[in-house]
Amino acid sequence: MPLSAIAINSTLKRSPADSSCDLLLSQVQAEFVRQGVDCPMIRAVDHDILPGITSDEGPGDAWPNLRKQILAADILILGTPIWMGQPSSVCKRVMERLNAVLGETDDQGRTLVYGKVAAVAVVGNEDGAHNIVAQLFQGLNDIGYTIPASCSTYWVGEAMGSTDYKDLSETPDAVSSATQALVQNCKHLAGLLSKSQYPPKQ
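Just so it is clear, the structure is predicted and the values come from calculations on it, not from any experiment.

Participant: Please set out the overall build of the chain residue by residue, giving values where relevant.
Facilitator: A tally of regular secondary structure across the chain gives five helices and six strands. Ordering the α and β elements of the chain from the N terminus gives β-α-β-α-β-β-α-β-α-β-α. For a compact globule of 202 residues, the expected C-alpha radius of gyration is about 17 Å, and the chain comes in at 16 Å, within 12% of that figure. With respect to the three principal axes, the spread of C-alpha positions in the chain is 50 × 40 × 25 Å. Classification of the 202 residues of the chain by burial places 48% in the buried group. Carbon and sulfur atoms provide 52% of the accessible area of the chain, an area that totals close to 10000 Å². Here the chain contributes 15 positively and 22 negatively charged side chains, and the mean placements of these two sets differ by 6 Å.

Participant: Give me the lowdown on the pattern of salt bridges, citing residues and values where you can.
Facilitator: Under the defined criterion, the tally for this structure stands at eight salt bridges. Of the charged contacts, one joins Arg43 and Asp22 as a salt bridge, the two residues approaching to 3.6 Å between their closest N and O atoms. Note that Arg43 is positioned in strand 2 (residues 41-43) and Asp22 in helix 1 (residues 20-34), a separation of 21 residues in sequence. Accessibility expressed as a relative area gives 10% for Arg43, which makes it buried. Residues joined in a network through salt bridges with shared partners are Asp164, Lys166 and Asp167.

Participant: Explain helix 3 (residues 89-98) residue by residue, including any values.
Facilitator: Residues of helix 3 that are buried include every one of Val90, Cys91, Val94, Met95, Arg97 and Leu98, and no others. With its buried residues spanning 165° around the axis, helix 3 presents them on a single face.

Participant: Hey, could you go over the packing of helix 3 against helix 4 (residues 129-142) for me, with residue numbers and the actual values?
Facilitator: Two numbers describe how helix 3 lies on helix 4: the axes approach to 10 Å, and their chain directions differ by 20°. By the criterion of interaxial angle, the relationship of helix 3 to helix 4 is roughly parallel. Note that helix 3 runs across helix 4; the crossing there is left-handed. Each of Cys91, Met95 and Leu98 in helix 3 lies in contact with helix 4, whose residues at this interface are Leu136, Gly139 and Leu140. Among the residues forming the contact of helix 3 with helix 4, the class breakdown is five nonpolar, one polar and no charged.

Participant: If you had to explain the packing of helix 1 against helix 5 (residues 173-195) to someone new, which residues and values would you point to?
Facilitator: Between helix 1 and helix 5, the shortest axis-to-axis distance is 9 Å and the interhelical angle comes to 50°. By the angle between their axes, helix 1 is oblique relative to helix 5. With respect to the hand of their crossing, helix 1 and helix 5 are arranged in right-handed fashion. In contact with Leu24, Gln27, Val28, Glu31, Phe32 and Arg34 of helix 1, helix 5 contributes Val175, Thr179, Gln180, Leu182, Val183 and Cys186. Residue composition of the contact of helix 1 with helix 5, grouped by class: seven nonpolar, three polar and two charged.

Participant: If you had to explain unusual backbone geometry to someone new, which residues and values would you point to?
Facilitator: Only a minority of non-glycine residues have a phi that is not negative, and only a minority of peptide bonds are not trans. For the peptide bond that leads from Ser15 to Pro16, omega is 5°, which places it in the cis range. Located in the positive-phi region is Met84, a residue other than glycine, with phi close to 55°. Position of Met84 relative to the elements: it lies in the loop between strand 3 (75-83) and strand 4 (86-87). The exposed category is assigned to Met84, whose relative accessible area is 78%. The backbone of Ser150 shows a phi angle near 45°, a positive value even though the residue is not glycine. Secondary-structure assignment places Ser150 in the loop between helix 4 and strand 6 (152-156).

Participant: Pulling in residues and values, what's your account of the nonpolar core?
Facilitator: Counting residues in hydrophobic clusters, the biggest one holds 58 residues, and the most contacted among them are Ile8, Phe32, Leu76, Ile77, Leu98, Leu182 and Cys186. Elements that contribute at least two residues to this core include exactly strand 1 (5-9), helix 1, helix 2 (63-72), strand 3, helix 3, strand 5 (117-124), helix 4 and helix 5. Sequence-distant contacts of Leu98, defined by excluding residues within four places in its chain, comprise Trp63, Ile70, Leu76, Leu140 and Ile143.

Participant: Could you give an account of the packing of aromatic side chains, naming the residues involved and the relevant values?
Facilitator: Using the criterion set out here, one finds two aromatic pairs in the structure. Ring plane angle 75° and centroid distance 5.6 Å describe the contact between Tyr114 and Tyr198, whose orientation is recorded as edge-to-face. Here Tyr198 lies in the segment after helix 5 and Tyr114 lies in the loop between helix 3 and strand 5, a separation of 84 residues in the sequence. Under the relative-accessibility criterion, Tyr114 is labelled partly exposed at 24%. Taking 5.6 Å as the distance between ring centres and 40° as the angle between the ring planes, the aromatic pair formed by Trp155 and Tyr165 counts as tilted. With Trp155 in strand 6 and Tyr165 in the loop between strand 6 and helix 5, this residue pair connects regions lying 10 residues apart in the sequence. Residue Tyr165 is classed as buried on the basis of its relative accessible area of 2%.

Cut-offs applied
- Residues numbered from 1 in each chain as written.
- Predicted model: local features only at pLDDT ≥ 70, side-chain atom pairs only at ≥ 80, totals over all residues.
- Heavy atoms only, no water.
- Helix = DSSP H or I, 4+ residues; strand = E, 2+ residues; numbered from the N terminus.
- Rg over C-alpha atoms; globule rule 2.2 N^0.38 Å.
- Buried < 20%, exposed > 50% of the residue type's maximum accessible area, 1.4 Å probe, protein only.
- Areas by Shrake-Rupley, 256 points an atom, 1.4 Å probe, with all protein chains shown as cover.
- Lys, Arg positive; Asp, Glu negative; His and termini not counted.
- Charge placed at Lys NZ, Arg CZ, Asp CG, Glu CD.
- Salt bridge = Lys/Arg side-chain N within 4 Å of Asp/Glu carboxyl O.
- Arc of directions from axis to C-beta.
- Axes fitted to C-alpha atoms, helices over the stretch in contact; angles between N-to-C directions.
- Parallel < 35°, antiparallel > 145°, perpendicular 65-115°, else oblique.
- Left-handed = near helix turned anticlockwise from the far one by under 90°.
- Contact = heavy atoms within 4.5 Å.
- Nonpolar A, V, L, I, M, F, W, Y, C, P; charged D, E, K, R; others polar.
- Core = buried A, V, L, I, M, F, W, Y, C linked by side-chain atoms within 4.5 Å.
- Phe/Tyr/Trp six-rings, centres within 6.5 Å; stacked < 30°, edge-to-face > 60°.

Given below as structure tokens:
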């Protein structure tokens, strides 16, 4: 079976507003497609994801449908802007809802995302990208995702500056290189894990 990916955009801006996070994830998406992997993108703020830590918080909750799409993908790319040195509140909501996976296991004791890989994309105008990547990697790994080598891509502008990623005239080479490595390494590891799942919990 061909591999599949899904990108979650945690911008605070509803569609169709321009978003630097959307631009970076679109570049990740394009690289996945170039390498033969389907990668739909979801802007989380366009959906009514209710607060909570279960897989279904009741009437009006958009998370159950999003959860199905996330669990169906071999690769999860979580994108977020930086606000006050932190992931966006939308990103934190997504992580809180993913927390439910800890209590959802297969018949061999593995969480439902064992054997799947995850990566992170971050944009902002202040320092903090490495800190955010570290936070998200830890949370994603806690619930069972595998983190490949070199699987984050990010851009941060000058501290207290006014230029957004979407305002740049061209993509910096370092960002393009990081994006290509992210996709290549996610695809490679997801392919290996799809053929050889982790052993059951003892």
